[in-house]
Amino acid sequence: MTTSSAVNANISIEQLGDIALICIDNPPVNASGQLVRQGLLDAVTQLNSAADAKVIAIYAAGRTFVAGADIKEFGKPPLEPYLPDVFNAIEASAIPVISILHGTALGGGFELALSTHARIGLKGLKVGLPEVNLGLLPGAGGTQRLPRLAGMGFTLDMALSGKPVSAEAALEAGAIDRLVEGDPRDVALAMAQEVIDGTLATRPTGSLQVAADETLLEETANKLRMKQPHLFSPHKIVEAVAASTLPLAEGLKVERAAFMDAMQTPQRGGLIHAFFGERAVSNIPEAKGDARDIAKVGIIGGGTMGSGIATACLLAGLPVRLIEVAQDGLDRGVATITKNLEGAVKRGKLTQAKKAAALAALEPSLAMEDLADVDLVIEAVFESMDVKRDIFGKLDTICKDGAILASNTSYLDINEIAACTSRPGDVLGLHFFSPAHVMRLLEIVQGAETAPEVLATGFAFAKRLKKVGVLAQVCDGFIGNRIMNHYAKAVGYLVLDGASPAEVDQALEGFGLAMGPHKVGDLAGLDIGWANRKRTADQRDPADRYATPHADRICEQGWFGRKTGSGYYTYEDKHPKVNPEAIKIIEDLRSELGITPQDFSAEEIVDRYLTAMIVESIRVIEDGTAKRPVDVDMVFLFGYGFPRFRGGPLHQADQIGTKALIKRIEGYAVEDARYWQVPQLLRDMDAAGQTFADLNKKA
Ligand code: 3H9
């Protein structure tokens, strides 16, 4: 006899003779929100009290098994029943419970499976514990039950990397028991029958013992202290896994306490903001319209940027026609692309066969006319409006109707570029970040006349390249470079006023930047900024305090950083050492300018840097260059190495608060009232009691 009943809106039971099926149906990803938790608990309790089923099989409807706890509930008052209690009840069920996993079983979803008495994976399944990416640790038994099945090493790898593994790898490790093909419900029925027939063994995971590995735990803990000193949850993961040798109930207590501690950290807030922000940037009407098909891309310029963009397109399976003006430039471009692809092979991102296919899809050419059949052209030549005008005028006559004409300019006016064509609606900015095949940010710059369809194509193209597309309006530097130019001045002032470049770098590395700004300058080449400063010298307002005379003087010595062996640091060996002659230049300048050096603590350095970044970020929102605060935050996370766990400059602004920010800026303005000004939007938000998170919701 078959009976079906809905336990609640997300959970239903179907009983077919001795077999009870529990179906989880909570689209889009079956996250274990309150109804799922309550429904699972009620279903298992109900089936155990009726005691007329011999086996229970849990499966999920839709595209995936459970993708974890419902992240949207985090940060709000917790709602009972709690996930660990539900899973303990499942493990304690007198009737054996099995789980059928398809798609992805992640975090709490995988932990649900671990609490059942056997796990069946369907082909294509991935399982993982990605909580670390959210500033958390597995909090519903993952650190206790997975070591019992697959060992401490496998658990540490999975929980510390946050990366899912294939079903094959999970099977080999013992994390799942079988790997089969089929539809989840059909497999649930078949496997339940096997349990009844005695051909599929079941046992509570908690009954198994963990082989302790003290050496591995110690080595892992030491490595983390070196590599991830800023992060909270990875260290807690090691502590929790270490507790898996205790009886299950005791180990679960250790895990729960660590999970609750991680929940309280601002890192959790920053990382969850990043998770939703990455998705929110393209959740706008501009990204959702009809897009044009892009089957072939043309790239003009075989320099670092052009080659990087070409690599990104080839990696996404798009054929590329690469245009250069001279053979040696073209050869260099092809060589760079080949090197980039080889790098991808070395990093395990590409097979040799795919690399060969990518290179076969690259057509180098010296003739612009060869762009006649491409669907999208990306111009990536050096920053000269005259050169760009000339190129876009030619493209207008060469390219087919409906082709999209994009510029990778970092600063220049897209409207002026579009005006050189008879089709400004087809023109937009696609601003990549170096190295373009690695960095995930793509600023999609909307010109005054860019057609909605062209903009939507920009977003679809970003997605195809696995990049994070962020909408920006035209201005000098768009979102990212405009804000960077502003806070770079604050860095210059800190050095002029008394901090050493190394002190600034150390303080900001302490904040979580991978490299301080002076080390980055040395790496990129100090001559780049110098050339830019010389080019724009006549635009400088003489009333503004000049922020980087020391940088000019260092460049005048021919010290451009790593490539010349010295800059802010010297590079005799791999490790940068402070360059005493650069320090002398800075000290001499301070005397010439009559500056009495101040002492800046690391905290003060970070505060000034971050506040300068926040001020210009607010102005970018104020004048509409960026749509919402979250767009600015994602630009900095995906294009500028802002520490992900800090969520972005405007997420940080919410942590500081409008009042404290205004007070800070007004305090700095006592020294330099031209540079430090409180944006009107900040004052308005303060008066209205608004946060940047509120602005995100409103936009
Ligand atoms: C956890 O489990 C803690 C436990 O250990 C202990 C607890 C006590 N919750 O990514 P997509 C939304 S922590 C709520 O575009 P895809 C997502 O925002 C959790 N919502 O699809 C999006 O919404 P919208 C550990 C979620 O196919 C929509 O679903 N788990 C959740 O490219 C589609 O998502 C994770 O960290 C969630 N858990 O990728 C897994 N997940 O349409 C996080 C997704 O409004 N999730 N949404 O923009 C993922 O990695 C990917 O979403 C997944 C699908 C691979 C599942």
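Just so we're clear, the structure is a prediction, and the values are computed from it rather than from any experiment.

Visitor: Hey, could you run me through the overall build of the chain in this one?
Guide: Check the secondary structure of the chain and you find 29 helices and 20 strands. A globule of 699 residues ought to have a C-alpha radius of gyration of about 27 Å, and the chain, at 29 Å, matches this closely. Summarising its shape, the C-alpha atoms of the chain cover approximately 85 × 60 × 55 Å along the three principal directions. When each of the 699 residues of the chain is scored for burial, the buried share is 54%. Of all intrachain contacts in the chain linking residues separated by at least 6 positions in sequence, the fraction that spans at least 24 positions is 72%. A total accessible area of about 29400 Å² is found for the chain, and carbon and sulfur atoms account for 54% of it. Between the averaged position of the 71 positive side-chain charges in the chain and that of its 88 negative side-chain charges there is a distance of 1 Å.

Visitor: Looking at this structure, how should I read a negative patch on the surface?
Guide: A surface patch of negative charge is lined by Asp-213, Glu-214, Glu-218 and Glu-219. Residue placement: Glu-214 occurs in helix α7 (residues 214-227). The exposure class of Glu-214 is exposed, given its relative accessible area of 57%.

Visitor: Can you help me understand the domain arrangement of the chain in this one?
Guide: The extent of an interface is frequently quoted as the accessible surface area lost upon association of the parts. In terms of domains, the chain is made up of domain 1 (2-263), domain 2 (291-476) and domain 3 (481-698). Each of domain 2 and domain 3 has a C-alpha centre, and these two points are 30 Å apart. Across the boundary between the two partners, domain 2 contributes 15 residues, which contact 14 residues of domain 3. Buried area between domain 2 and domain 3, both sides added, is near 1300 Å², and the carbon and sulfur share of it is 62%. Our enumeration of links across domain 2 and domain 3 arrives at zero salt bridges. Our count for the domain 2 to domain 3 interface comes out at two residue pairs in polar contact (both at pLDDT 80 or more). At the level of secondary structure, the elements contributing two or more residues to the side of domain 2 that touches domain 3 comprise β17 (441-446) and β18 (468-473). In terms of residue count, β18 provides more of the side of domain 2 that touches domain 3 than any other element does, five residues in total. The class makeup of the residues in the side of domain 2 that touches domain 3 is nine nonpolar, three polar and three charged.

Visitor: When you look at the UniProt feature "domain: 3-hydroxyacyl-CoA dehydrogenase C-terminal" (unreviewed entry) in the chain in this model, what are you seeing that I'm missing?
Guide: Sites flagged by UniProt as "domain: 3-hydroxyacyl-CoA dehydrogenase C-terminal" (unreviewed entry) map to residues 477-571. Taken as a whole, residues 477-571 contains 57% helix and 2% strand, while its terminal C-alpha atoms sit 31 Å from one another.

Visitor: When you look at the pairing of strand β14 (residues 376-379) in this model, what are you seeing that I'm missing?
Guide: Taken residue by residue, a regular strand's side chains alternate between the two faces of the sheet. Going residue by residue along β14, you find Leu-376 and Ile-378 tucked away on one face and Val-377 and Glu-379 tucked away on the opposite face as well. As paired strands, strand β11 (residues 297-300) and β14 are joined by four bridges and run parallel to one another. By the bridge assignment for β14, Gly-298 is matched with Val-377. Relative to strand β15 (residues 404-407), β14 runs parallel, the two sharing four bridges. Note on β15: the bridge partner recorded for Glu-379 is Ser-407. Handedness of the β14-helix α15 (residues 385-398)-β15 crossover: right-handed.

Visitor: What exactly am I supposed to notice about the environment of Asp-552 here?
Guide: Relative to the helices and strands, Asp-552 is located in helix α22 (residues 549-556). Taking relative accessible area as the criterion, Asp-552 reaches 13% and is therefore assigned buried. Put simply, Asp-552 and Ala-531 are 21 residues apart on the chain and 9.6 Å apart in space, counted from C-alpha to C-alpha. Among all residues touching Asp-552, those that are not within four sequence positions of it are Trp-530, Arg-533 and Tyr-546.

Visitor: Looking at this model, I keep getting lost on helix α27 (residues 658-669). Mind explaining?
Guide: For α27, with 12 residues, the first-to-last C-alpha span of 16 Å sits near the 16 Å given by 1.5 Å per residue. Turning to α27, its buried residues are Thr-658, Leu-661, Ile-662, Ile-665 and Tyr-668. The arc that holds the buried residues of α27, viewed along the axis, is 130 degrees, so those residues lie on one side. Along α27, exposed side chains directed more than 90 degrees from the buried face belong to Lys-659 and Lys-663. If you follow the buried residues of α27, they end up packed against α24 (602-622), α26 (649-656) and α28 (680-688).

Visitor: What is the right way to look at the UniProt feature "domain: 3-hydroxyacyl-CoA dehydrogenase NAD binding" (unreviewed entry) in the chain in this model?
Guide: UniProt tags residues 296-472 as "domain: 3-hydroxyacyl-CoA dehydrogenase NAD binding" (unreviewed entry). Summarising residues 296-472: 41% helix, 21% strand, and an end-to-end C-alpha distance of 25 Å.

Visitor: For this particular structure, what's the right way to read the pattern of salt bridges?
Guide: Two side chains bearing opposite charge may form a pair once their charged atoms approach each other closely. Using the criterion set out here, one finds 45 salt bridges in the structure. Across the salt bridge formed by Lys-54 and Asp-18, the nearest N and O atoms sit 3.2 Å from each other. Residue Lys-54 is located in the loop between α1 (34-50) and β4 (55-60), and its partner Asp-18 is located in the loop between β2 (11-16) and β3 (19-24); the two are separated by 36 residues in the primary sequence. Taking the relative accessible area as the measure of exposure, Asp-18 reaches 32% and is therefore partly exposed. In this structure, Glu-616 and Arg-619 form a salt bridge, with 2.7 Å as the shortest nitrogen-oxygen distance. Residue Glu-616 and its partner Arg-619 are both found in helix α24; the two are separated by three residues, about one turn of the helix.

Visitor: What am I meant to see in the site of the ligand here?
Guide: Looking at the ligand, there are 28 residues lining it, with Arg-63, Ala-67, Glu-111, Glu-131 and Arg-279 nearest. Arg-279 is positioned with one of its side-chain polar atoms (N or O) 2.8 Å from an oxygen atom of the ligand. Taken by itself the ligand offers 1000 Å² of open surface, and the protein chains cover 74% of this. Elements supplying a minimum of two residues to the shell around the ligand: β6 (104-106), α3 (108-115), α9 (248-264) and α10 (266-280). With three residues, α10 is the largest single contributor of residues to the shell around the ligand.

Visitor: When you look at the side chain of Thr-409 in this model, what are you seeing that I'm missing?
Guide: Along the polypeptide, Thr-409 turns up in the loop between β15 and α16 (414-418). Here Leu-412 takes part through its backbone nitrogen, which lies 2.9 Å from a polar atom of the side chain of Thr-409.

Visitor: Help me out: how do you make sense of the sheet that holds β4 in this one?
Guide: Working definition: the strands of a sheet are paired by backbone hydrogen bonds and lie parallel or antiparallel to each other. Taken in spatial order, the seven strands make up an open sheet running β1-β2-β3-β4-β5-β7-β10, and their pairing is mixed. Of all the strands in the sheet, just β1 (2-6) and β10 (178-180) have a single pairing partner and so form its edges. Neighbour to neighbour, the strand axes of the sheet diverge by 20 degrees on average, direction disregarded. Examined bridge by bridge, β4 and strand β5 (residues 97-101) share three bridges and lie parallel to one another. Bridged to Ile-56 within β5 is Val-97. Against the sheet, α1 contacts β2, β3 and β4, and its axis sits at roughly 25 degrees relative to β2.

Visitor: What is the right way to read the packing of helix α19 (residues 501-511) against helix α20 (residues 517-524) from this model?
Guide: At a minimum axis distance of 7 Å, the contact between α19 and α20 shows a crossing angle of 110 degrees. If you check the angle between α19 and α20, you find them roughly perpendicular. Residues Pro-501, Val-504, Asp-505, Leu-508 and Glu-509 of α19 pack against Pro-517, His-518 and Lys-519 of α20. When the residues that make up the contact of α19 with α20 are grouped by side-chain class, the tally is four nonpolar, one polar and three charged.

Visitor: So what exactly am I meant to see when it comes to the sheet that holds β11 here?
Guide: Reading across the sheet, the eight strands line up as β13-β12-β11-β14-β15-β16-β17-β18 and stay open at both edges, with mixed pairing between neighbours. A single partner strand is all that each edge strand has here, and the edge strands are β13 (362-365) and β18. The average undirected angle you get between the axes of adjacent strands in this sheet is 25 degrees. Where strand β16 (residues 427-432) and β17 come together, four bridges link them in antiparallel fashion. Its bridge partner being in β17, Leu-430 is matched across the sheet by Ile-444.

Scoring rules and cut-offs
Starting afresh in each chain, residues are numbered from 1 along the sequence in its written order. Note on the predicted model: pLDDT of at least 70 is required for a residue's local features to be given, and 80 or more for side-chain atom pairs to be given and counted; whole-chain, interface and lining totals, by contrast, use all residues. Hydrogens and water are ignored here; the side-chain numbers use all heavy atoms of the structure. Numbering of helices and strands runs from the N terminus; a helix is a DSSP stretch of H or I covering at least four residues, while a strand is a stretch of E covering at least two. Our radius of gyration looks at C-alpha atoms and nothing else; its globule reference is 2.2 Å times the residue count to the power 0.38. Exposure is judged per residue with a 1.4 Å probe applied to protein chains only, and the accessible area is read against the type maximum: over 50% gives exposed, under 20% gives buried, and values in between give partly exposed. Residues count as neighbours in contact if any of their non-hydrogen atoms are within 4.5 Å of one another. Using a 1.4 Å probe, the Shrake-Rupley method yields the accessible areas, and only the shown protein chains count as cover for residues. His is not counted, nor are the chain ends; Lys and Arg add positive charge and Asp and Glu add negative charge. Note that the charge is assigned to NZ on lysines, CZ on arginines, CG on aspartates and CD on glutamates. Residues enter a patch when their relative accessible area is above 30% and they make no salt bridge; the linking distance is 9 Å between like charges and 5 Å between nonpolar side chains (Val, Leu, Ile, Met, Phe, Trp, Tyr). The salt bridge criterion pairs a side-chain nitrogen of Lys or Arg with a carboxyl oxygen of Asp or Glu, the two atoms within 4 Å. The domain boundaries here were taken from an automatic or database domain assignment. A simple way to read buried area is as the amount of 1.4 Å-probe accessible surface that goes missing from two parts once joined, with both sides added. Nitrogen and oxygen atoms within 3.5 Å of one another constitute a polar contact, given that in protein one can donate a hydrogen and the other can accept it, and given that sequence-neighbouring residues count only through two side-chain atoms. Classes in brief: Ala, Val, Leu, Ile, Met, Phe, Trp, Tyr, Cys and Pro nonpolar; Asp, Glu, Lys and Arg charged; the others, Gly included, polar. UniProt positions are given in the numbering used here, feature names are shortened, and annotations may be inferred rather than shown by experiment. Pairing between strands is defined by DSSP: at least two bridges between the two strands are required. Note on handedness: a clockwise path from strand one over the helix to strand two, with the strands aimed away from the viewer, defines a right-handed crossover. Multiplying 1.5 Å by the helix residue count minus one yields the expected span of that helix. Working definition: the arc comes from the directions between the helix axis and the C-beta atoms, pointing outward to the latter. Only a single heavy atom is needed: when it lies within 4 Å of a molecule or strand, its residue is near that molecule or strand. Lines fitted to C-alpha atoms define the axes, with helix axes restricted to the stretch in contact, and inter-axis angles between N-to-C directions lie between 0 and 180 degrees. Relative orientations are named as follows: roughly parallel for angles under 35 degrees, roughly antiparallel for angles over 145 degrees, roughly perpendicular for angles from 65 to 115 degrees, and oblique for any other angle.

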